[in-house]
Amino acid sequence: MKIVPDKASTIANFFDAVNLGVFLASLFFTVAICGTMVWFAFKYKAGRQTQTPRIYGNNTLEIIWTVVPTVVVIILGILGVYLREKMFEIQPNSLTINVVGWKWAWEFQYPNGKKTSGQNAELVVPLGHPVKLIVTSRDVLHSFFIPAMRVKQDAVPGQYKYLTFTPTKVGEFPVFCTEYCGTRHSLMLARLKVVPEQEFKVWLESKPSTQVSPVFLGRKLYSDLGCNACHSLKEGERLVGPSFYGLKGSVREIKGQKVEVDENYVRESILYPNQFVVEGFQANVMPSYLGRLSDEELDALVYFVLNFLEAPSEELVKVSLEQEEKMDLASLSPVERGKILYEQKACIGCHSLDGSKLVGPSFKNLYGSQRKFQDGTSAIADEEYLKASILYPNKNIVEGYVAAMPSYEGQLSDEELNDIIEFIKAQK
Ligand code: CUA
């Protein structure tokens, strides 16, 4: 059994040294204080001859026991602050990966659109390359913890948090959710896989995902929602609103205060535009997009606004050409569209297609089968049943499962609902 997890990141040694320092200091004082107490308790027990001498103060002793612990605590404090700075120091050439947590799985989204998710999802990263994770949650508080990297970050719905590390060792390392988030919290696991740079490139390009990349989706939303009418992508071009060029990391002046532009700034500006009017621009011009974008869309738009300059150029070329056709959902069959929704709406995290039991029942051979519920009743899984299960999932829980699924009421159009049902029907 290992007492200390693998040391596999650049900060691991320093982290462990500080940790050991705190531990040894605590151990020393615990033993010194409690030891003296116990020893005195015996030595000066009531009824014994020995009595404590009467001491009315000892300046030397008092100075020592005040100054020494103060110095120790200050040193540990400085080391701790320095370590924290190191832990969250984001390198400019970092590989950015979005991390989304929900009950009860992690999803990892790469810049080219590749995604891994579900039970024991793999977070694959290149050896020796700094990684920046943007962590968020779709439902409740989770916490993303990679012991071998010595990093941890809360996943908070409606907020982006950052995490950064540089792996120094090839191998597989466990990832945990370390904030109690419900009945299957302990199964909310993932695996960090550190591979050589070359292998990573091959992995990233392999199995082209059916997903669209965040840059692509963001670019599409940028035009579809009409952001382009007011926000240019060109350097210094001033339309109704500020240009998105060079936005990332820049400092804006808002109501006399300096604010640095990051993912949270952009997100809030989209949702509450009138609280973020930059000096020199007009207020009450931009409409709020609160409630008009899905979480995925908002993430993608934020990503695009900040990263379009660094986006792989072939991604942006694709935007204008072939993928535009691919995105033309009308040309796909309902089953194909349903498959995209199955992945995008995160059904994939809980419902398998191969008959294996995850958090929820597999979709394989689901349609037309007899379902038995916890209350003893049963029903045939027809279209009506599937529809009701998606919209009101907790009404009838199938025997052997727990009420865990969020309702999709109001989150799917009638057509999307129909597409998902067709997709489920096709799983034989
Ligand atoms: Cu997610 Cu605990």
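Only a predicted model underlies this, so the values are computations on that prediction, with no experimental measurement involved. (Residues numbered from 1 in each chain as written. Predicted model: local features only at pLDDT ≥ 70, side-chain atom pairs only at ≥ 80, totals over all residues.)

When helices and strands are counted, the chain shows 11 helices and 14 strands. The C-alpha atoms of the chain give 28 Å as radius of gyration, which overshoots the globular expectation for 428 residues (22 Å, by more than 25%). The dimensions of the chain, computed from C-alpha atoms along their principal axes, are 95 × 65 × 45 Å. Across the 428 residues in the chain, those meeting the buried criterion constitute 26%. Excluding contacts between residues fewer than 6 apart, the proportion of contacts in the chain whose partners are at least 24 apart in sequence is 64%. (Helix = DSSP H or I, 4+ residues; strand = E, 2+ residues; numbered from the N terminus. Rg over C-alpha atoms; globule rule 2.2 N^0.38 Å. Buried ≥ 20, exposed ≤ 12 C-beta atoms within 10 Å, placed from the backbone. Contact = placed C-beta atoms within 7 Å.)

Strand order in this open sheet of five strands is β3-β2-β1-β5-β8, and the pairing throughout is mixed. Single-partner strands in this sheet number two, and they are β3 (115-118) and β8 (161-165). Across the sheet, the mean angle separating the axes of adjacent strands is 20° when strand polarity is ignored. In this structure, strand β2 (residues 105-109) lies alongside β3, joined through four bridges in antiparallel fashion. Bridge pairing in β3 places Trp106 opposite Gly118. (Pairing = 2+ DSSP bridges. Axes fitted to C-alpha atoms, helices over the stretch in contact; angles between N-to-C directions.)

What follows covers the sheet that holds strand β10 (residues 190-195). Spatially, β4-β10-β9-β6-β7 is the arrangement adopted by the five strands of the open sheet, whose pairing is mixed. The outermost strands of the open sheet, each flanked by one partner alone, are β4 (121-126) and β7 (151-155). This sheet shows a mean twist of 25° between the axes of neighbouring strands, independent of strand direction. When strand β9 (residues 171-177) meets β10, the two strands line up antiparallel, connected through five bridges. Along β10, the bridge assignment pairs Glu172 with Lys193. Packing against the sheet, helix α3 (residues 197-205) makes contact with β4 and β10, and its axis sits at approximately 130° to β4.

Domain assignment breaks the chain into domain 1 (12-87), domain 2 (95-205), domain 3 (214-323) and domain 4 (329-425). Taking the mean C-alpha position of each, domain 1 and domain 4 sit 60 Å from one another. (Domains from an automatic or database assignment.)

Before going further, it helps to examine helix α11 (residues 414-425). With 12 residues, α11 extends 16 Å between its outermost C-alpha atoms, agreeing within 8% with the 16 Å of an ideal straight helix rising 1.5 Å per residue. When we look at burial in α11, the residues that qualify are Glu416, Asp419, Ile420, Ile421, Phe423 and Ile424. (Expected span 1.5 Å × (residues − 1).)

A few words on the packing of helix α4 (residues 214-224) against helix α6 (residues 295-307). The geometry of a pair of packed helices is captured by two quantities: the angle between their axes and the separation between those axes. Their axes nearest at 7 Å, the elements α4 and α6 cross at an angle of 90°. In terms of orientation, α4 lies roughly perpendicular with respect to α6. Facing α4, whose interface residues are Pro214, Val215, Leu217, Gly218, Arg219, Leu221 and Tyr222, α6 presents Glu297, Asp299, Ala300, Leu301, Tyr303, Phe304, Val305 and Asn307. Across the contact of α4 with α6, the residue classes break down as 10 nonpolar, two polar and three charged. (Parallel < 35°, antiparallel > 145°, perpendicular 65-115°, else oblique. Nonpolar A, V, L, I, M, F, W, Y, C, P; charged D, E, K, R; others polar.)

Okay, the environment of Gly236 next. If you trace the backbone, Gly236 turns up in the loop between α4 and β11 (251-254). C-beta crowding within 10 Å serves as the criterion here: with 9 such atoms nearby, Gly236 is assigned to the exposed category. For Gly236 and Ile390, which are 154 residues apart along the polypeptide, the C-alpha to C-alpha distance reads 47 Å.

Right, let's get into the nonpolar core. Of all hydrophobic cores here, the largest spans 35 residues; its most connected members are Val99, Leu133, Val135, Ile146 and Leu192. Residues within four places of Ile146 in sequence aside, it is in contact with Val151, Phe173, Val175 and Leu192. Phe244, Tyr265, Ile270 and Phe308 belong to the second-largest nonpolar core, a separate cluster that totals 20 residues. (Core = buried A, V, L, I, M, F, W, Y, C linked by C-beta atoms within 7 Å.)

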